[in-house]
Structure formats: structure tokens, C-alpha cells
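Structural features, examined
Each chain is listed here by its residues.
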Amino acid sequence: MDTPVDTKLIDGAAHARAVRAELRPRVEALRSSGVVPGLAVVLVGNDPASRVYVRSKARACEEVGLYSEQHDLQGSTAEEQVLERVRMLNRDPRIHGILVQLPLAAHISVDRVLHTISPEKDVDGFHPCNVGLLATGNPVFAPCTPAGVLRLLEREGISPEGKRAVIVGRSNIVGKPVAMMMLRKHATVTICHSRTRELGGVTREADILVAAIGRARFVTGDMIKPGAVVIDVGINRLPDGKLAGDVDFASVHGRASRLTPVPGGVGPMTIAMLLENTVLAAERTAKTA
Ligand code: GUN
């Protein structure tokens, strides 16, 4: 039995507040030159979790002084109509950032929608242009959740340089981009997924472990090297209605040196990074106008 480790919880809500406060002077500078950064969020259908996220994005925009508008489309909306809405927003000068909330219904191609968003307004960083720029090491818009993870580490004074970073999950939204960003910060990176053999053996190598598989309490204490930093990206709804991360908090607490809670860890930072990307998009437009 290893000796218990004193686990410090990373307060994502407090870090996000600080990031939002840092954005205010940038928003003020834009506003005094006549530009109000604007974000459009497109929500297709009625997924309750998506509704909650979209509402918190709108609230955060308001708090920082951004203009935001929400485009609600029915779940049965044809793909071409979604694409047409995106093209309209591409042309709208009040809108600097466009986010189409995922997941989308099965009859709509995620790729076609994401490829239609103008790369200059792609504050999610999901357009192949922005994915490519991230992969080659010159990102403009990094995806918000991975950017939030890296910013949390930076703000906690944890450098990935030379460390073993293990990412559990290979999604385009989190796993792959967070791996790219860790690599850019000179970590030695391993991506694990559902077919990885001896998963625990790999995760126990991690100095920094990022859990992004979308399965409640999947990462347990025995999978963690004592003293590792554990970042939990998961938000899963349990049968009793409570939220749980991808990390089994009870068994990892006392083993990790730092741990992000769910809720209140990565989630608030994702939204703060979305605001930052929108402000950046507005600044870039203002410069080239
Ligand atoms: N659904 C879950 N996470 C995200 C995200 O980061 N962006 C978008 N557009 N949809 C999501």
C-alpha cells in the first residue's frame, strides 16, 4: 500500500474567473474602437445537456461584455438549412465567432457543418485548417476544452516539459488536440483508448493524466502513479441525476497530487477559452479591417 498523498483540488471556477477578468480590458479596447466581439451559437434539436451548456455560454458572454446570439433549429432541420445558417453567420459582420453545438443529429454530417464554418470565425478550432495549424505547431484557435486544460496547468505552475502525459480518449474534440498541445509543450505523450491493452500499466506511467473517455468513474486510484496530476474532462450524468467525471474521485483522491473536480474543474475553463477565442477573432478582424 502506498502512503496517501495530500491531494490539492484545482479550482477551475476560480481560474476561469481570473481568465474572464483578464479579457475585460481587451473587450474594452475593442469596444472603444467600435467593435463589440460577437459569438453565435447554433443549437440543433433539444438535447438537455447541450441546452445547459449553451445557456452558460450566453451568460458568460454577457458577463464579459460580448454580444451573443443563439440560433435554435429544430432537431428535424435538414442539413442544407444548417449549412445555410452557418453561411449566413459567416457573412454577418457582427459575428466574430461561430459555434455549432455538438453532437448533431445523425442525418447531419458533422464534417460538412464544421468545414462550412469560416476558419476565421471557427472559435471551436474544429475546421481542418485550424486542426492542421494546431498539428503543425502554429495554432490560431485551439479547441476550447484542450486549451482550458493546458491553461489550468499553466496557471497552477505545472509545466508539461519533459513529463509523461497520458491521455485517455482519442476524440477530435479533446483527446487528439490535447495530445498535440501537450506535445507542443514538450511532454512525452501517449494516447490510450478502448482497445489499449494493459491500460492501467500505461496510465501508471503518467506524470500528467487527462481523462477524456466519456465513461463515468472509469479511471480509478490503482491506475494512478502516486503524486500524478489528474485532469478530469468527463461530465457524465449518473442514473440518480448527479454528475460524475471520468475519474473515480473517491479512489483517486489521496493518490493524485492535484485533481480537478467535476463539476467546477475543466468545465468553467472551457467556456472561458471560448470567450478568449471570440475576443481573439474580433481582434484579428479589427486589425485586418
Ligand atoms: N459539445 C461538447 N463539447 C463541445 C465543444 O467544445 N464544442 C462544441 N461545438 N460542441 C461541444
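Everything here concerns the structure above.
Residues numbered from 1 in each chain as written. Predicted model: local features only at pLDDT ≥ 70, side-chain atom pairs only at ≥ 80, totals over all residues. Heavy atoms only, no water.

**Description of the overall build of the protein chain**
Counted only if it meets this: What counts as a helix is a DSSP run of H or I of at least four residues, what counts as a strand is a run of E of at least two, and both are numbered from the N terminus. This radius of gyration counts C-alpha atoms alone. The globule rule is 2.2 Å times how many residues there are, raised to the power 0.38. With a 1.4 Å probe rolled over the protein chains alone, any residue whose accessible area is under 20% of its type maximum counts as buried; one over 50% counts as exposed, and the rest are partly exposed. We call two residues contacting when some pair of their heavy atoms lies within 4.5 Å. The Shrake-Rupley method, run with a 1.4 Å probe, gives the accessible areas here. Residue values count only the displayed protein chains as cover. In summary, the charge assignment counts Lys and Arg as positive and Asp and Glu as negative, without counting His or the chain termini. Charged side chains are reduced to one point each, which is NZ for Lys, CZ for Arg, CG for Asp and CD for Glu.
Assigned secondary structure in the protein chain consists of 10 helices and 11 strands. Taking 289 residues into account, the globule formula puts the C-alpha radius of gyration at 19 Å, and the protein chain, at 19 Å, falls close to it. With respect to the principal axes defined by its C-alpha atoms, the protein chain has extents near 60 × 40 × 35 Å. By the burial criterion, 49% of the 289 residues in the protein chain qualify as buried. Considering only contacts within the protein chain whose residues lie at least 6 apart along the sequence, 71% involve residues at least 24 apart. A total of about 13600 Å² of accessible surface is found on the protein chain, and carbon and sulfur atoms cover 53% of it. Of the charged side chains in the protein chain, 36 are positive and 31 negative; the average position of the first set lies 1 Å away from that of the second.

**A look at unusual backbone geometry**
One can expect most non-glycine residues to show negative phi and most peptide bonds to be in trans. Residue Pro103 follows Leu102 across a cis peptide bond; omega there is 0°. Inspection of the secondary structure assignment puts Pro103 in the loop between strand S4 (97–100) and helix H4 (110–116). In the segment running from Val262 into Pro263, the intervening peptide bond is cis, with an omega of -5°. Checked against the element boundaries, Pro263 lands in the loop between strand S11 (258–259) and helix H10 (266–288). Positioned with a positive phi, Glu198 is a non-glycine residue whose angle comes to about 50°. Examined against the element boundaries, Glu198 turns out to sit in the loop between strand S6 (188–192) and helix H8 (199–203).

**Some thoughts on the nonpolar core**
Operational definition: Throughout, nonpolar core names a set of buried Ala, Val, Leu, Ile, Met, Phe, Trp, Tyr and Cys residues whose side chains join them through atoms within 4.5 Å.
Among the nonpolar cores identified, the biggest contains 51 residues, and Val149, Met182, Val210, Ile231 and Val233 are the most heavily contacted of them. Ranked by residue count, the leading element in this core is H10, at 10 residues. Ignoring any residue separated from it by four or fewer positions in sequence, one finds Val233 in contact with Thr145, Val149, Val174, Val210, Ala211, Ala212 and Val266. Counting residues in each nonpolar core, the second largest holds 18 residues, with Val44, Val82, Val100 and Ile117 among its members.

**Focus on a nonpolar patch on the surface**
Selection criterion: Two joining distances apply to patches: 9 Å for like charges and 5 Å for nonpolar side chains (Val, Leu, Ile, Met, Phe, Trp, Tyr), and every residue must have over 30% relative accessible area and no salt bridge. Note on definitions: salt bridges are taken to be side-chain nitrogens of Lys or Arg within 4 Å of carboxyl oxygens of Asp or Glu.
Taken together, the side chains of Val52, Tyr53, Ile235 and Leu243 present a nonpolar region at the surface, about 300 Å² in accessible area. For Leu243, the location among the structural elements is in strand S10 (residues 243–244).

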